[in-house]
Structures are given as structure tokens and as C-alpha cells.
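Per-entry structural report
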Amino acid sequence: MATGHRTDLLERQGHDRHGKLGLTDEDVLQIYEAMLLARRLDERMWILNRGGQASFVISCQGQEAAQVGAAWALDRERDWVYPYYRDVGLVLVLGVTPRELMLALLGKAEDPASGGRQMPNHFSSPERRIAPQSSVVGTQIPQAAGTALASKIRGDGAVTLVTFGEGATAEGDFHEGLNFAAIHKVPAVFLCENNRYAISVPVEKEVSVPDVADRALAYGIPGVAVDGNDPLEVYRATREAVERARAGEGPTLIEAKTYRLLAHSSDDDDSGYRPREEVEAWKKKDPIPRFAAYLKEQGLIDHGGLQAMEERIRQIVDDATDYAEQAPYPRAEHLLDHVYGD
Ligand SMILES: Cc1ncc(C[n+]2csc(CCOP(=O)(O)OP(=O)(O)O)c2C)c(N)n1
């Protein structure tokens, strides 16, 4: 039942791949812009960290294609999403604003995810159906299975997408969540962003089969491994999984093979556990320049267009940074608000 699809973006360049997937030229330009915005926001977050303003950064760099490609396959008006902490690209597509992300980063009172109480990148947006997050790895997986079961019982047609790293697939929550979802044939899509490390633990010490997607077989659901640095491949796989789920055919496990370009977090030094040559090799597969090359080959954008996009994004990132820097911190007397039931 498990199917392993693998493709190489570069081999396929030159063909109108997005058109064949039903995506318009405007769609792919917007996909690229969302990926670039995620990257530039992340870069700014590291600068704020190094400058002492942001205490902690957990980065999306390298994973933007997987995140934006998957988000593009959702119905943003009704589907539920349980993201994990690297999903800046995903939540941007769902409507979370750069200002909101920066408010959370700097722990400001106006942060809509938690009023400055959560760690950054612990997204939460009820109106966009983004469920709040725990830092405990993998806990979102059974929660998402439960949300999908609720959709099935209600018959509301919503699909639930849940994302996680490959390290999370070594947690009991992953196995319980997939087992439950498969038994009850719930409308869920499980997306593993396999970036090859759980902090310092390499994928070979986390997963005993060649592909995380192979694990789907044990639950009797389809498992698909795709090039996670190609947004079109991730979009295609996610759209197929969403269609299956909406048609009542149950869940799918997708593995987007990608790489975390930076350290696990701003508190981590990755030079102790992974060779620089490996990081450099993956930089050559960086999804941002690769997708820019595709858009150029398709004649959808040129150097000037890319420059204009960069400038537009720089202004958005500047505005978000300035706004969050000037925003007030939570007041001490509100310390316990929204922390305990009230
Ligand atoms: C249950 C649990 N164990 C350990 C941790 C510490 N921890 C935080 S992130 C992380 C790595 C998770 O790796 P993965 O799921 O592959 O995601 P990645 O960070 O690589 O994107 C770990 C071990 C935790 N938060 N929760």
C-alpha cells in the first residue's frame, strides 16, 4: 500500500509542472513570495536574537517549500491545522501576519497566540483554525486525530492537517495518533517534515526503516515520500491526501524530505554533531533559489521582479519588527490571566 514517489525539481525544470497541477502563474509566484517572506522573517529573528532583543529563535530555514506547498493544498475557510514550531511558512499562508509573529517573538502583550506567555513559534489562532501548541514533541498528533474524528462525526467536510518532525515519529503519540486515525478513517493528513535531525540525533537513530513514509503500511494507510524542498511536489502529495480525506477515504502519511539549514535553535551549536560539508551540500538544494530558478525558467519573473519582491518583503519585515519593538510588554498584574482557567 505504501507508495514512494521521489522526484527532482531540477530534472523536471523546463516543464510547466505547476500548470499540470492546476496551479496558475499567480499561484506559484505567491507560493514563492510566501517562502521568501518566511525566510526573511526568520533571518530577522536571528538578528534580533543576536542583538539581545529576542531570547529564543527556532528556525524554519530550509523547510519553507514543504510548509508553503502543504498549506496551498488546504481549504483555508474550513480546514484545521496543528502546526509545529518550525511552520512559519505554513501559518503565513493561513493568514498569520508578520506583525503577529514578531509580537510573539518579543513576548509582547499584544501577541495573539498567547499574550507573550508562550515561546515564539508556538502558533495559535482560533479564527484561522490553527490549534494552540505544546512544546512537548508529538502531542499535536493524537489531538489532530481527535479533531478529524469530530469533523467526521459532524460531517462538516473539514480536513485536519498536522505537521511534525521525524523525531516526533519516534514518540508514542505518533503511533497512537496514526493508529486511531486509521482505524476510524478520519479526514486527517499527517505531514512529517523530515529535516534529518532531532536536535543532535540523526534520522538513522530515530527511524529504523528507510523512509518515515514506510511506517504508514503498519497502520494500513497510504504513505508517500516526496522531495520536501520542492513546493510543487509537496502541494501535489498534500492535495491528493486532502482529496482522499474529504472523500471519506481516511488519512495519509506524507514525508517531505528536507533539511534544517541552521542549528536546532538559537541555544544550540550544531557544529558538534553534523559535518559542515553536509550542511553545505544541502545548501545547494535550498528550496528558495531552486524555486526562483523554476519561476525564471518559466518566464514568470526576472531579476528585476525578484528584486522588487525582495524590497516589498523587506518593508513588511521592517514594519513587523518596528511594530513589535514598540509594543508594550504584558503588565505584571496580568501575569496569571489566561494561564489558569478564567
Ligand atoms: C517529549 C519531548 N521530548 C523531548 C523534547 C525536547 N525537544 C524539543 S524539540 C526536539 C527535537 C524534535 O525533533 P523533530 O521532531 O525531528 O523536529 P525538528 O526540531 O527536527 O524540526 C526535542 C528532542 C520535547 N520538547 N518533548
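Residues numbered from 1 in each chain as written. Predicted model: local features only at pLDDT ≥ 70, side-chain atom pairs only at ≥ 80, totals over all residues. Heavy atoms only, no water.

As recorded in an unreviewed UniProt entry, the protein chain goes by the name 2-oxoisovalerate dehydrogenase subunit alpha, listed as coming from Limnochorda pilosa. UniProt annotates the protein chain under Function (unreviewed entry) with the comment "The branched-chain alpha-keto dehydrogenase complex catalyzes the overall conversion of alpha-keto acids to acyl-CoA and CO(2). It contains multiple copies of three enzymatic components: branched-chain alpha-keto acid decarboxylase (E1), lipoamide acyltransferase (E2) and lipoamide dehydrogenase (E3)." (UniProt positions renumbered as here; feature names shortened; annotations may be inferred.)

1. Overview of the nonpolar core
Core analysis: the biggest nonpolar cluster contains 69 residues, and Leu23, Tyr32, Leu101, Met102, Leu105, Phe291 and Leu295 have the highest contact counts within it. Among the elements that make up this core, the one with the highest residue count is helix H3 (residues 25–50) (13 residues). When near neighbours in sequence (up to four residues on either side) are disregarded, Tyr32 contacts Ile288, Phe291, Ala292, Leu295, Leu306 and Met309. By size, the runner-up hydrophobic cluster in this structure holds 24 residues, among which are Phe164, Ala181, Ala182 and Val186. (Core = buried A, V, L, I, M, F, W, Y, C linked by side-chain atoms within 4.5 Å. Buried < 20%, exposed > 50% of the residue type's maximum accessible area, 1.4 Å probe, protein only. Helix = DSSP H or I, 4+ residues; strand = E, 2+ residues; numbered from the N terminus. Contact = heavy atoms within 4.5 Å.)

2. Details of the site of the ligand
Around the ligand sit 16 residues in total, of which Tyr84, Tyr85, Arg86, Gly167 and Tyr197 are the nearest. The contact in question runs from an oxygen atom of the ligand to an N or O atom on the side chain of Tyr84, over 2.7 Å. Within the backbone of Val137, a nitrogen or oxygen atom sits 3.0 Å from a nitrogen atom of the ligand. For the ligand, whose unbound accessible area comes to 580 Å², protein coverage reaches 74%. Per-class residue counts for the shell around the ligand are 8 nonpolar, 5 polar and 3 charged. (Near = heavy atom within 4 Å. Polar contact = N/O pair within 3.5 Å; in protein donor to acceptor, adjacent residues only side chain to side chain. Areas by Shrake-Rupley, 256 points an atom, 1.4 Å probe, with all protein chains shown as cover. Nonpolar A, V, L, I, M, F, W, Y, C, P; charged D, E, K, R; others polar.)

3. Thoughts on the confidence of the model for the protein chain
On average, residues of the protein chain score 95 in pLDDT, and 95% of them reach the 70 mark or higher. Below a pLDDT of 50 lies the segment residues 1–7, which in the model reaches 21 contacts outside its immediate sequence neighbourhood of four places, other chains included. (pLDDT = per-residue confidence, 0-100.)

4. Regarding the UniProt feature "domain: Dehydrogenase E1 component" (unreviewed entry) in the protein chain
In the numbering used here, UniProt assigns the feature "domain: Dehydrogenase E1 component" (unreviewed entry) to residues 33–332. This span, residues 33–332, is 44% helix and 10% strand, and a straight line between its end C-alpha atoms measures 39 Å.

5. Section: the pairing of strand S2 (residues 160–165)
Most of S2 sits inside the fold, with 6 of its 6 residues counted as buried. Taking every second residue as pointing to the same face, both faces of S2 are buried, with Thr160, Val162 and Phe164 on one and Leu161, Thr163 and Gly165 on the other. Judged from the 3 bridges that link them, strand S1 (residues 80–82) and S2 form a sheet pairing that is parallel. The residue of S2 that forms the bridge with Tyr82 is Val162. One ladder, built from 6 bridges, connects S2 with strand S3 (residues 188–194); its direction is parallel. Each bridged residue has a counterpart across the sheet, and for Val162 the counterpart in S3 is Phe190. (Pairing = 2+ DSSP bridges.)

6. Focus: the environment of Gly177
Take Gly177: it is sitting in helix H8 (residues 172–183). C-alpha separation for the pair Gly177 and Ser124, spaced 53 residues apart in sequence, amounts to 21 Å. Aside from chain neighbours lying at most four places away, what touches Gly177 is Ile141, Pro142, Ala145 and Phe190.

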